[in-house]
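One letter stands for each residue in the lines below.
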Amino acid sequence: MQFQNTRAFAQEMDARDPLRAYKEEFIFPQINGNPVIYFTGNSLGLQPKRTRKYVDEIMKDWAELAVEGHFYAGKPWWDYQERFAAPLSSVVGAKPSEVTVMNTLTINLHLLMVSFYRPVPKRYKILCEAKAFPSDQYMLQSQVKFHGFSPEDAIVEIHRREGEHRIRTEDIVNKIEEIGDELALVLMGGVNYYTGQVFDMEAITRAGHRAGAFVGWDLAHAAGNVKLELHEWGVDFAAWCSYKYMNSGPGNASGAFIHEKHHENTDIPRFAGWWGHNKERRFLMEPEFDPVRGADGWQVSNLPVLSLAPYLASVEMFAEAGMDALIAKRDVLTAYLEYILEQVDAQTTGDFEIITPENPEERACQLSVFLHGQGRPLFDYLMKNGVITDWREPNVIRLAPAPFYCSFEDMYEFGQILRKGIDTLKAG
Ligand SMILES: *Cc1c(COP(=O)(O)O)cnc(C)c1O
């Protein structure tokens with residue numbers, strides 16, 4: 001498509017966008033009396049207007065029914081998470097029995113590693129990407145030490161090649177083959193949080209399985225952003241937070257996936273609790289644990305219904321809009337943002353460089369921009385002028401034009417502000 005750096009063109013694109021009405025469904029912070037241009041949906045998604053109703057519902061049921069709400073609330077609390085199964089499985093490409101919501105992301109990955117990281121002296125290594133999200137690094141180190149191995153030996157990180165920003169799939173697959181029967185687990189981020197690179201999850205999962213390892217994915221930046229086929233790909237397990245692209249609110253509940261092939265195996269090690277026990281017999285208070293045959297069998301505690309409510313509102317919104325429509329818009333919107341950045345770069349002569357892969361197959365809703373010229377002052381300028389971006393050391397801003405609530409006109413407007421910011425700061 002031939003893009004143009006004009007407001008009229010951007011408005012025309014918006015007029016033709018089948019998802020344009022959703023922008024009205026979100027609440028935008030205001031700067032200088034105007035709604036911001038919001039690029040940090042990969043960090044904390046905006047609040048959908050419909051969320052409040054879901055939370056109020058629980059508050060009302062609690063006030064009016066108290067303990068009876070467990071069974072008699074409009075949406076009973078004791079199995080509230082089952083309402084996620086259909087819509088959430090459509091978002092991540094799973095069967096309804098393969099997904100559940102519980103706890104928070106790092107906690108869920110720890111719990112899933114109890115089941116899927118079972119090192120023995122000959123097979124104990126974990127493969128992950130270099131510069132993984134810090135929480136994942138701490139998690140892997142602590143798990144490895146917990147099992148009596150040393151992180152230096154047991155954790156194998158895949159690096160990008162000198163002079164490249166992305167990590168090549170072939171380098172990952174070759175490393176998996178090289179580690180071979182020492183490899184216990186592949187556990188990577190589906191989308192790298194820093195560069196925005198989307199990994200070839202299908203090919204990497206296949207390679208991990210060929211080596212006899214389990215394969216799990218941290219989908220923090222992938223859920224609600226990229227096309228996932230977790231069931232088809234045969235992924236063993238995955239988890240994601242819901243507060244980034246999935247707009248569920250700060251620090252909110254995590255989703256988890258456990259492939260059907262593991263559901264009947266009641267001997268699989270797990271850290272159990274009463275909410276994972278056979279649903280029909282949960283309140284008989286029996287001593288013997290009988291896990292639910294499905295992802296719900298990994299539940300531990302009584303559900304935090306107040307925090308699940310905003311997530312449910314959001315998941316239903318995703319199912320309603322459909323991942324295919326969101327992805328179609330995401331691709332054009334990201335390409336338009338890339339075009340706008342290139343235009344500004346040409347006008348201001350080489351101040352920045354996009355470090356996210358150019359190949360649409362290897363990126364999603366994020367462009368990471370390395371600022372060679374103005375750094376932090378430019379970030380501050382953008383913020384003061386109504387554009388919320390995200391700053392990462394040493395000199396990177398991340399821009400995520402979330403298709404639910406970012407418009408083409410936002411991209412155009414951002415380009416104008418960015419150019420003015422660079423010119424202003426240069427003039428000093
Ligand atoms: C955001 C993010 C996390 C955060 O984990 P929490 O347990 O929700 O704090 C973990 N891993 C990745 C890859 C992330 O992007």
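Residues numbered from 1 in each chain as written. Predicted model: local features only at pLDDT ≥ 70, side-chain atom pairs only at ≥ 80, totals over all residues. Heavy atoms only, no water.

## Some thoughts on the overall build of the protein
Next, step 1: Helix and strand counts for the protein stand at 14 helices and 17 strands.
Next, step 2: The C-alpha atoms of the protein give 23 Å as radius of gyration, which agrees with the globular expectation for 428 residues (22 Å, within 12%).
Next, step 3: In terms of overall dimensions, the protein has C-alpha extents of about 75 × 60 × 35 Å along its principal axes.
Next, step 4: By the burial criterion, 58% of the 428 residues in the protein qualify as buried.
Next, step 5: Put simply, of all contacts in the protein between residues at least 6 apart along the chain, 71% involve residues at least 24 apart. (Helix = DSSP H or I, 4+ residues; strand = E, 2+ residues; numbered from the N terminus. Rg over C-alpha atoms; globule rule 2.2 N^0.38 Å. Buried < 20%, exposed > 50% of the residue type's maximum accessible area, 1.4 Å probe, protein only. Contact = heavy atoms within 4.5 Å.)

## Considering helix H8 (residues 169-179)
Next, step 1: Looking only at H8, the buried set comprises Asp171, Ile172, Val173, Ile176 and Ile179.
Next, step 2: Structurally, H8 contributes buried residues whose contacts are with strand E7 (125-129), strand E8 (155-158), strand E9 (183-189) and helix H9 (201-210).
Next, step 3: Two residues or fewer past H8, glycine 180 is found with a positive phi of approximately 55 degrees.

## Section: the UniProt feature "modified residue: N6-(pyridoxal phosphate)lysine" (unreviewed entry) in the protein
Next, step 1: Per the UniProt record, "modified residue: N6-(pyridoxal phosphate)lysine" (unreviewed entry) is found at Lys244.
Next, step 2: For lysine 244, the location among the structural elements is in the loop between strand E11 (237-241) and strand E12 (254-258).
Next, step 3: In contact with lysine 244, not counting residues within four places along its chain, are Gly41, Asn42, Ser43, Leu44, Gly45, Phe133, Ala220 and His221. (UniProt positions renumbered as here; feature names shortened; annotations may be inferred.)

## With respect to the domain arrangement of the protein
Next, step 1: Domain annotation of the protein identifies domain 1 (7-35 + 322-427) and domain 2 (53-321).
Next, step 2: Here the C-alpha centroids of domain 1 and domain 2 sit 30 Å apart.
Next, step 3: When the two sides are added together, the surface that domain 1 and domain 2 hide from each other amounts to roughly 2200 Å², 55% of it contributed by carbon and sulfur.
Next, step 4: Interface area lost by domain 1 to domain 2 is led by Met323, Ile355 and Glu362, which between them contribute 26%. (Domains from an automatic or database assignment. Buried area = accessible area lost by both parts, 1.4 Å probe.)

## Let's talk about the site of the ligand
Next, step 1: Neighbouring the ligand are Leu105, Thr106, Phe133, Asp136, Asp218, Ala220, His221, Tyr243 and Lys244.
Next, step 2: Contacts to the ligand include aspartate 136, whose side-chain N or O atom sits 2.8 Å from a nitrogen atom.
Next, step 3: Between the ligand and the protein, one listed contact pairs an oxygen atom with a side-chain N or O atom of tyrosine 243 at 2.5 Å.
Next, step 4: Computed on the free molecule, the ligand has an accessible area of 390 Å², of which 84% lies beneath the protein chains in the complex.
Next, step 5: Looking at the shell around the ligand, its residues break down into four nonpolar, two polar and three charged. (Near = heavy atom within 4 Å. Polar contact = N/O pair within 3.5 Å; in protein donor to acceptor, adjacent residues only side chain to side chain. Areas by Shrake-Rupley, 256 points an atom, 1.4 Å probe, with all protein chains shown as cover. Nonpolar A, V, L, I, M, F, W, Y, C, P; charged D, E, K, R; others polar.)

## Observations concerning the sheet that holds strand E16 (residues 390-392)
Next, step 1: Taken together, the four strands give an open sheet; going across it, the order is E13-E14-E17-E16, and neighbouring strands pair in antiparallel fashion. A single partner strand is all that each edge strand has here, and the edge strands are strand E13 (352-354) and E16. Averaged over all pairs of adjacent strands, the angle between strand axes in this sheet comes to 30 degrees, irrespective of strand direction.
Next, step 2: Relative to strand E17 (residues 396-399), strand E14 (residues 367-371) runs antiparallel, the two being bridged by four bridges. Residue pairing for E17: leucine 367 is matched across the bridge by leucine 399. (Pairing = 2+ DSSP bridges. Axes fitted to C-alpha atoms, helices over the stretch in contact; angles between N-to-C directions.)

## Overview of the packing of helix H4 (residues 85-92) against helix H11 (residues 305-321)
Next, step 1: At a closest axis distance of 9 Å, the pairing of H4 and H11 adopts a crossing angle of 55 degrees. Classed by the angle they form, the pair H4 and H11 counts as oblique. Of the two possible hands of crossing, H4 and H11 adopt the one that is left-handed. Along its contact with H4, which presents Pro87, Leu88, Ser90 and Val91, the element H11 presents Tyr311, Val315, Phe318 and Ala319.
Next, step 2: Here the contact of H4 with H11 is composed, by residue class, of seven nonpolar, one polar and no charged. (Parallel < 35°, antiparallel > 145°, perpendicular 65-115°, else oblique. Left-handed = near helix turned anticlockwise from the far one by under 90°.)

## Digging into the nonpolar core
Next, step 1: In terms of nonpolar packing, the biggest core is built from 108 residues, with Trp217, Leu230, Trp240, Tyr336 and Phe414 touching the most fellow members.
Next, step 2: When residues in this core are grouped by element, the largest group, eleven residues, is from helix H12 (residues 323-348).
Next, step 3: Residue contributions to this core reach at least three from each of two domains, namely domain 1 (7-35 + 322-427) and domain 2 (53-321).
Next, step 4: Core analysis: the next-biggest nonpolar cluster, separate from the first, contains 28 residues, Cys128, Ala154, Ile258 and Ala295 among them. (Core = buried A, V, L, I, M, F, W, Y, C linked by side-chain atoms within 4.5 Å.)

## Some thoughts on the sheet that holds E9
In sheet architecture, strand pairing relies on hydrogen bonds along the backbone and comes in two forms, parallel and antiparallel.
Next, step 1: With mixed pairing, the seven strands of this open sheet are ordered in space as E6-E12-E11-E10-E9-E7-E8. At either end of the open sheet lies a strand with only one pairing partner, and these are strand E6 (99-102) and E8. Neighbouring strand axes in the sheet, compared pairwise and without regard to direction, differ in orientation by 20 degrees on average.
Next, step 2: Pairing of E6 with E12, which is carried by four bridges, proceeds in the antiparallel orientation.

## Digging into the pattern of salt bridges
Next, step 1: Under the criterion given, the structure shown has 32 salt bridges.
Next, step 2: The residue lysine 227 makes a salt bridge to aspartate 324 at a minimum N-O spacing of 3.1 Å. Residue lysine 227 is located in the loop between strand E10 (214-218) and helix H10 (230-233), and its partner aspartate 324 is located in helix H12; the two are separated by 97 residues in the primary sequence.
Next, step 3: Two residues, arginine 398 and aspartate 390, come together in a salt bridge whose shortest N-O distance is 2.8 Å. Of the two residues, arginine 398 and aspartate 390, neither departs from the other in class, the shared state being buried. (Salt bridge = Lys/Arg side-chain N within 4 Å of Asp/Glu carboxyl O.)

## Regarding the environment of alanine 15
Next, step 1: In this fold, alanine 15 is placed in helix H1 (residues 7-15).
Next, step 2: As a C-alpha pair, alanine 15 and serine 407 span 392 residues in sequence and 9.9 Å in three-dimensional space.

## Quick word on the UniProt feature "domain: Aminotransferase class V" (unreviewed entry) in the protein
Next, step 1: Per the UniProt record, "domain: Aminotransferase class V" (unreviewed entry) is found at residues 166-250.
Next, step 2: With 29% helix and 20% strand, residues 166-250 has its two end C-alpha atoms placed 29 Å apart.

## Let's talk about the packing of aromatic side chains
Remark: the centre distance and the inter-plane angle together describe each pair of aromatic rings, the angle taken between the planes.
Next, step 1: Applying the stated criterion across every chain yields a total of 26 aromatic pairs.
Next, step 2: Ring geometry for phenylalanine 3 and tyrosine 336: centres 5.1 Å apart, planes at 65 degrees, overall edge-to-face. A residue pair is termed long-range when its members are at least 10 positions apart, and phenylalanine 3 in the segment before H1 and tyrosine 336 in helix H12 qualify at 333 residues.
Next, step 3: Plain terms: the ring middles of phenylalanine 318 and phenylalanine 404 are 5.0 Å apart, the flat faces sit at 85 degrees to each other, and that makes the pair edge-to-face. Of the two residues, phenylalanine 318 is situated in helix H11 and phenylalanine 404 in the loop between E17 and helix H14 (408-427); the sequence distance between them amounts to 86 residues.
Next, step 4: Cluster of aromatic residues (ring-pair linked, three or more members): Tyr22, Phe26, Phe28, Tyr38, Phe318, Phe404 and Tyr405.
Next, step 5: For lysine 75, the ring lying beneath its charged end belongs to tyrosine 54, and the centroid distance is 4.1 Å.
Next, step 6: One residue, lysine 131, lies across the ring of tyrosine 194, its end atom 5.6 Å from the ring centre. (Phe/Tyr/Trp six-rings, centres within 6.5 Å; stacked < 30°, edge-to-face > 60°. Lys NZ or Arg CZ within 6 Å of the ring centre and 35° of its normal.)

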